[in-house]
Amino acid sequence: MTTDTLAMEIQRVEASRIHEVDFDNLVFGRHYSDHMFVADYINGEWTNLQIAPYANLSLSPATAALHYGQAIFEGMKAYKNEAGEPLMFRPLDNWARFNKSAARMCMPEVPEEIFMGGLTELLRTDAAWIPTAPDSSLYIRPYMFSTDAYIGVKPSDTYKFIIFTGPVGKYYSKPPRVKVEQHYIRAAEGGVGAAKCAGNYGGSLYPARLAQQQGYDQIIWTDARDHAFVEESGTMNVMFVIDGKLVTPATSDTILNGVTRNSIVDIAHHWNIPVEERKVSVKEVIDALKEGRLEAAFGAGTAVVVSPFGVIGFEGTDYELPTVTDESFVSRVKAFLTDIRTGKTEDPFGWVVRA
């Protein structure tokens, strides 16, 4: 998808801020590129498409999203190949999931030509911001929120869709210590757990803070009813290597359909590694740890890519995870994903899209 047939206004910055960024010491989520893509939903259609300088927004105090939480987003990344071309990883999967979130939150869908056209033009405009150092990338944040200046609980009639980007480094500097959560929940059946809506993340902050006060970096979410089955970890899908098999909770209306998660599952199949997508009990994981059958436990997501856990805390006991070696599935799948995303190896799945 290109922007050749997509009418949009392009307003470039007078002077780039790129010189203000130390690309050798990137902190995740602190720097933003020069431009953003913006579109408005008014009178039942998307209009005012433009590439504009990254800038603050002017909003009414009565903006509906600030009161009633009609806000969704996606997380994506762009890389450069050796020829310096911007590469996107599975962008259409993010577009499809974005629209599923929109439907669940009673928001309008964004057409493919607007999502992909705006994203492509934005990456071309800010291509210089895509870092090339190991473990770095250009993080992409598409999001939409309701903009009616109206205090009343109903779906908004107007919305704003924005994509902005920023260069990032590693999300975790070392394997995170995670704790199995047995009181608070992330999502319940029939809720919005499968949507990337803002409220999901706001509700996760307090239990995460409690875990951090106990010396952990994140928590492993469990099911809302019995706290017996693993669901996600922090903002990541969670995966295990047990007895030589890749085991991960099946996606549902309480578990996000992760693009990185699905990529790892596809790679495991490609490598003829057994994969089980099913309910995974906490007891099964802890028993496998105790018996030395758990080779690895890790989070998978756009921000972290692949993040092996260092410790799993459960009922007051910390269980150390085996050291990850270069030959382990975790290391190999992360390296393979990185090589595909950066064009260093053949992409047998057709995941990479050039901007």
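Just so you know, these numbers come straight off a predicted model, no measurement behind them. (Residues numbered from 1 in each chain as written. Predicted model: local features only at pLDDT ≥ 70, side-chain atom pairs only at ≥ 80, totals over all residues. Heavy atoms only, no water.)

## Some remarks on the state of the cysteines
Here is step 1 of the chain: For the coordinates displayed, the defined rule picks out 0 disulfides.
Here is step 2 of the chain: Here Cys106 is not cross-linked by a disulfide; its sulfur's nearest cysteine counterpart is in Cys197, at 13 Å.
Here is step 3 of the chain: With relative accessibility at 49%, the residue Cys106 sits in the partly exposed group.
Here is step 4 of the chain: The exposure class assigned to Cys197 is buried, which follows from its relative accessible area of 3%. (Disulfide = S-S within 2.5 Å. Buried < 20%, exposed > 50% of the residue type's maximum accessible area, 1.4 Å probe, protein only.)

## Some details on the domain arrangement of the protein chain
Here is step 1 of the chain: When its domains are assigned, the protein chain resolves into domain 1 (9-170) and domain 2 (177-342).
Here is step 2 of the chain: Of note, the centres of domain 1 and domain 2, computed from C-alpha atoms alone, are 27 Å apart.
Here is step 3 of the chain: Every contact between the two is made by 23 residues of domain 1 and, on the other side, 23 residues of domain 2.
Here is step 4 of the chain: Around 1800 Å² of area is buried between domain 1 and domain 2 when both sides are counted, 60% of it from carbon and sulfur atoms. (Domains from an automatic or database assignment. Contact = heavy atoms within 4.5 Å. Buried area = accessible area lost by both parts, 1.4 Å probe.)

## Focus on a nonpolar patch on the surface
Here is step 1 of the chain: A contiguous nonpolar surface patch, about 270 Å² in accessible area, is contributed by Leu57, Leu59 and Leu66.
Here is step 2 of the chain: Tracing the backbone shows Leu57 in the loop between strand 3 (45-53) and helix 1 (64-68). (Patch = residues over 30% accessible without salt bridge, like charges linked within 9 Å, V, L, I, M, F, W, Y side chains within 5 Å. Areas by Shrake-Rupley, 256 points an atom, 1.4 Å probe, with all protein chains shown as cover. Salt bridge = Lys/Arg side-chain N within 4 Å of Asp/Glu carboxyl O. Helix = DSSP H or I, 4+ residues; strand = E, 2+ residues; numbered from the N terminus.)

## A closer look at the side chain of Arg186
Here is step 1 of the chain: Take Arg186: it is sitting in the loop between strand 9 (177-180) and helix 4 (198-202).
Here is step 2 of the chain: Looking at Arg186, the relative accessible area reads 13%, which means it is buried.
Here is step 3 of the chain: Only 2.9 Å separates the side chain of Arg186 from the backbone oxygen of Thr254, close enough to count as a polar contact.
Here is step 4 of the chain: Apart from the residues within four sequence positions on either side, Arg186 is in contact with Gly193, Asn200, Trp221, Glu232, Thr254 and Leu256. (Polar contact = N/O pair within 3.5 Å; in protein donor to acceptor, adjacent residues only side chain to side chain.)

## Brief notes about the packing of aromatic side chains
Here is step 1 of the chain: Enumeration over the complete set of coordinates arrives at 23 aromatic pairs.
Here is step 2 of the chain: Between the aromatic rings of Tyr32 and Phe164, the centroid separation amounts to 5.6 Å while the plane-to-plane angle is 85°, which identifies the pairing as edge-to-face. Here Phe164 lies in strand 8 (residues 159-168) and Tyr32 lies in the loop between strand 1 (9-10) and strand 2 (35-42), a separation of 132 residues in the sequence.
Here is step 3 of the chain: Classification of Phe164 as buried rests on a relative accessible area of 17%.
Here is step 4 of the chain: Measuring from centroid to centroid gives 5.9 Å for Tyr143 and Phe145, while their planes differ by 20°, and the two rings are stacked.
Here is step 5 of the chain: The aromatic ring of Tyr150 is capped on one face by Lys154, whose charged end is 5.2 Å from the ring centroid.
Here is step 6 of the chain: In this structure, Arg341 is placed above the aromatic ring of Phe89, and the distance from its NZ or CZ to the ring centre is 4.3 Å. (Phe/Tyr/Trp six-rings, centres within 6.5 Å; stacked < 30°, edge-to-face > 60°. Lys NZ or Arg CZ within 6 Å of the ring centre and 35° of its normal.)

## What to know about the nonpolar core
Here is step 1 of the chain: Phe37, Trp46, Met144 and Phe161 are the most contacted members of the largest nonpolar core, which totals 34 residues.
Here is step 2 of the chain: Top element by residues in this core is helix 3 (residues 112-125). It accounts for 6 residues.
Here is step 3 of the chain: Look past the residues within four positions of Met144 in its chain and what remains in contact with it is Trp46, Gln70, Ala71, Ile72, Phe98, Ala102, Met107, Pro108, Val110, Tyr159, Lys160 and Phe161. (Core = buried A, V, L, I, M, F, W, Y, C linked by side-chain atoms within 4.5 Å.)

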